[in-house]
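For reference, the chains in residue letters:
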Amino acid sequence: MKIERIECVPLSMPLPRTFRGSNYFMTHRCTIITKVYTSAGIIGEIYNGDEFETQGEVVKIILDEIQPLLIGKDAFNIEGCWELMRKPSTNILRDRKLAMCAQACVDSALWDAVGKALDAPLYKLWGGYSDRLPSICIAGYYEEGKTLADFGREMEQIKLQGHAGCKFKVGGRTPAEDAERVRVAREAVGKDFVLVVDANQAWTLRQAVEFSRLAADLNIRWFEEPVRWENDRLDMAAARSQTGIPICAGQSEISRSGCRDLMMSGAIDVCNFDASWSGGPTEWRRVAALAASFAVEMGHHEEPQISAHLLAAISNGTYLESFHPDRDPMFHRLVANRSELKDGYYEVPSGAGFGLELDADTIRKYRV
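Now for a quick tour of the structure. (Residues numbered from 1 in each chain as written. Predicted model: local features only at pLDDT ≥ 70, side-chain atom pairs only at ≥ 80, totals over all residues. Heavy atoms only, no water.)

**Quick look at a nonpolar patch on the surface**
Phase 1: Residues Phe76, Leu118 and Leu125 make up a contiguous nonpolar surface patch of roughly 260 Å² in combined accessible area.
Phase 2: Turning to its location among the elements, Phe76 is positioned in the loop between helix 1 (55-70) and helix 2 (78-84).
Phase 3: Take Phe76: its relative accessible area is 40%, and that puts it in the partly exposed class. (Patch = residues over 30% accessible without salt bridge, like charges linked within 9 Å, V, L, I, M, F, W, Y side chains within 5 Å. Areas by Shrake-Rupley, 256 points an atom, 1.4 Å probe, with all protein chains shown as cover. Salt bridge = Lys/Arg side-chain N within 4 Å of Asp/Glu carboxyl O. Helix = DSSP H or I, 4+ residues; strand = E, 2+ residues; numbered from the N terminus. Buried < 20%, exposed > 50% of the residue type's maximum accessible area, 1.4 Å probe, protein only.)

The structure is reproduced here in structure tokens:
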């Protein structure tokens with residue numbers, strides 16, 4: 001099954017309102033559909049990422065630098081293709097993350113082609129540990145005019161939508177203010193609702209510890225990226241030992257080596273490495289194997305269309321992360337055969353490859 005050509009379809013959807021985290025905001029949901037055409041007539045197809053300003057650069061790397069390296073290669077030789085695709089990342093004058101995003105797009109599409117050729121869903125090929133995952137919704141954003149009571153109502157809506165829990169944004173206010181926001185959220189949905197908090201690297205170690213102590217009785221499942229990036233490994237290890245709340249990180253790493261160092265530093269209990277930012281499912285699965293060696297659980301930063309198969313394949317996987325339709329219209333409108341939530345769980349698609357059908361009308365409307 002030889003690779004004949006690669007096609008990219010960039011998409012961009014304006015969001016109905018601005019979503020603000022601790023030190024960032026989102027106005028659009030963007031992604032890149034990547035198609036790998038093969039001599040067997042099989043087309044590997046999937047969408048990856050949420051790059052806005054750099055989307056065009058990622059597409060250019062795929063078409064101009066990666067495609068020539070792969071034409072004529074065997075699509076089943078995933079490891080060989082992955083090694084060839086490393087070359088663009090050696091450009092020292094460019095942000096390496098762009099090359100890793102480009103590699104992730106093609107690696108994902110190659111895996112979809114392999115799954116289709118073998119007529120098997122990828123989670124089965126990768127281990128088949130479970131056919132469903134508990135789902136958490138990313139929410140708790142800072143929005144103008146939003147009151148404390150609104151956060152409680154938001155959690156109630158998320159629970160009614162069928163999610164098992166929420167990843168709640170913190171770090172944009174003082175530790176005391178954010179602890180109160182999380183307290184309102186917990187009281188609205190009860191003790192059994194999964195509650196994760198995510199500071200997106202906003203706080204100092206002292207602030208992260210202060211928040212953790214204020215929220216110590218709120219049954220927080222984990223505290224994600226609690227500290228600033230400059231000294232994150234040592235500071236996360238300190239936070240982990242001082243607070244007793246499990247620590248999660250890894251989405252900001254772009255290689256298995258970075259995740260290895262987090263684990264060896266004793267910095268994390270959960271690794272949420274992102275396959276779409278860091279070279280694709282091939283690299284993510286290597287990190288998952290490392291994590292098992294360190295008794296570290298695996299998450300995945302967003303991207304449910306990819307992460308469902310990765311997390312369901314392994315014994316140390318945690319939750320599927322997704323958004324409200326307003327925050328991620330791509331997952332809710334582009335995926336025509338999306339599984340519905342039931343009792344807090346998402347059924348992993350059972351079709352060949354990633355098992356997704358992409359909506360043609362949505363692609364036409366939002367194609368860049």
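**What to know about the pattern of salt bridges**
Phase 1: Under the defined criterion, the tally for this structure stands at 26 salt bridges.
Phase 2: The shortest N-O distance in the salt bridge between Glu224 and Lys167 comes to 2.7 Å. Separated by 57 residues along the polypeptide, Glu224 in strand 7 (residues 223-224) and Lys167 in strand 5 (residues 165-169) bring together distant segments of the chain. For the pair Glu224 and Lys167, one class covers both residues: buried.
Phase 3: In this structure, Asp261 engages Arg233 in a salt bridge whose closest nitrogen and oxygen atoms are separated by 3.7 Å. Of this pair, Asp261 sits in helix 9 (residues 256-264) while Arg233 sits in helix 8 (residues 232-243); the two residues are 28 residues apart in sequence, bridging distant segments of the chain.
Phase 4: According to the relative accessible area criterion, Asp261 is partly exposed, its value standing at 22%.
Phase 5: Exposure remark for Arg233: the relative accessible area of 29% places this residue in the partly exposed category.
Phase 6: Overlapping salt bridges, with partners in common, bring together Arg17, Glu143, Lys146, Glu154 and Asp326 in one network.

**Overview of the sheet that holds strand 3 (residues 43-48)**
Phase 1: Read from one edge of the open sheet, three strands run 1-2-3, paired in antiparallel fashion. With one partner strand each, in any of the chains shown, strand 1 (3-20) and strand 3 form the two edges of the open sheet. Between one strand axis and the next, the sheet turns through 15° on average, direction left out of account.
Phase 2: In terms of strand pairing, strand 1 meets strand 2 (residues 25-38) through 13 bridges, oriented antiparallel. Across the sheet, residue Arg5 finds its bridge partner in strand 2, namely Tyr37.
Phase 3: Across the sheet, helix 1 touches strand 1 and strand 2, and the angle it forms with strand 1 is around 165°. (Pairing = 2+ DSSP bridges. Axes fitted to C-alpha atoms, helices over the stretch in contact; angles between N-to-C directions. Contact = heavy atoms within 4.5 Å.)

**As for the layout of surface pockets**
Phase 1: Computed from the structure, the largest pocket encloses a volume of approximately 820 Å³.
Phase 2: As for the largest pocket, its lining consists of 32 residues, and the residues nearest its centre are Met26, Asp50, Glu51, Lys97 and Trp277.
Phase 3: When residues of the lining of the largest pocket are traced back to their parent elements, those giving at least two are strand 2, helix 3 (96-118) and strand 5.
Phase 4: The dominant element in the lining of the largest pocket, judged by the number of residues it contributes, is strand 2, at four residues.
Phase 5: Taken together, the residues that form the lining of the largest pocket break down as eight nonpolar, eleven polar and 13 charged.
Phase 6: Lining the second largest pocket are 16 residues; nearest its centre among them are Arg17, Lys146, Glu154, Gln157 and His324. (1 Å grid on protein atoms, 1.4 Å probe; cavity = no way out; pocket = protein on both sides within 12 Å on 5 of 7 lines; lining within 4 Å. Points joined across faces, edges and corners; volume = space filled by probe spheres on them. Nonpolar A, V, L, I, M, F, W, Y, C, P; charged D, E, K, R; others polar.)

**A short note on the packing of helix 1 against helix 3**
A pair of packed helices can be characterised by two numbers: the angle between their axes and the separation between those axes.
Phase 1: In contact at an axis separation of 9 Å, helix 1 and helix 3 are set at 60° when each is read in the N-to-C sense. Taken together, helix 1 and helix 3 sit at an angle that is classed as oblique. Judged by the sense of rotation from one axis to the other, the crossing of helix 1 with helix 3 is right-handed. Between helix 1, through Glu57, Val58, Ile61, Ile62, Ile66 and Leu70, and helix 3, the contact on the second element is made entirely by Leu98, Ala99, Cys101, Ala102, Gln103, Cys105, Val106 and Leu110.
Phase 2: The class makeup of the residues in the contact of helix 1 with helix 3 is twelve nonpolar, one polar and one charged. (Parallel < 35°, antiparallel > 145°, perpendicular 65-115°, else oblique. Left-handed = near helix turned anticlockwise from the far one by under 90°.)

**Some remarks on the nonpolar core**
Phase 1: In this structure, Leu110, Val170, Phe211, Phe223, Ile268 and Met298 are the most contacted members of the largest nonpolar core, which totals 101 residues.
Phase 2: Beyond its immediate sequence surroundings of up to four residues, Phe211 is in contact with Val170, Pro175, Asp178, Ala179, Val182, Val197, Trp203, Ile220 and Phe223.
Phase 3: Ranked by size, the runner-up nonpolar core spans seven residues in total, among them Val194, Val196, Trp222 and Cys248. (Core = buried A, V, L, I, M, F, W, Y, C linked by side-chain atoms within 4.5 Å.)

**So, the pairing of strand 3**
Phase 1: Note: strand 2 against strand 3, six bridges, orientation antiparallel. When the bridges of strand 3 are listed, Ile33 appears paired with Tyr47.

**Digging into empty space enclosed by the protein**
Phase 1: Considering all chains together, one arrives at one cavity of 30 Å³ or more under this definition.
Phase 2: Roughly 70 Å³ of volume is contained in the largest cavity.
Phase 3: Contributing to the lining of the largest cavity are Gln201, Glu225, Val227, Asp232, Met236, Ala249, Gly250, Gln251, Ser252, Glu253 and Leu262.
Phase 4: Among the residues making up the lining of the largest cavity, the classes are represented as four nonpolar, four polar and three charged.

**Examining the packing of aromatic side chains**
Phase 1: Inspection of the entire model under this criterion finds nine aromatic pairs.
Phase 2: An aromatic cluster is present here, built from Trp111, Trp126 and Phe354 joined pairwise through their rings.
Phase 3: The side chain of Arg132 reaches across the aromatic face of Tyr345, ending 3.7 Å from its centre. (Phe/Tyr/Trp six-rings, centres within 6.5 Å; stacked < 30°, edge-to-face > 60°. Lys NZ or Arg CZ within 6 Å of the ring centre and 35° of its normal.)

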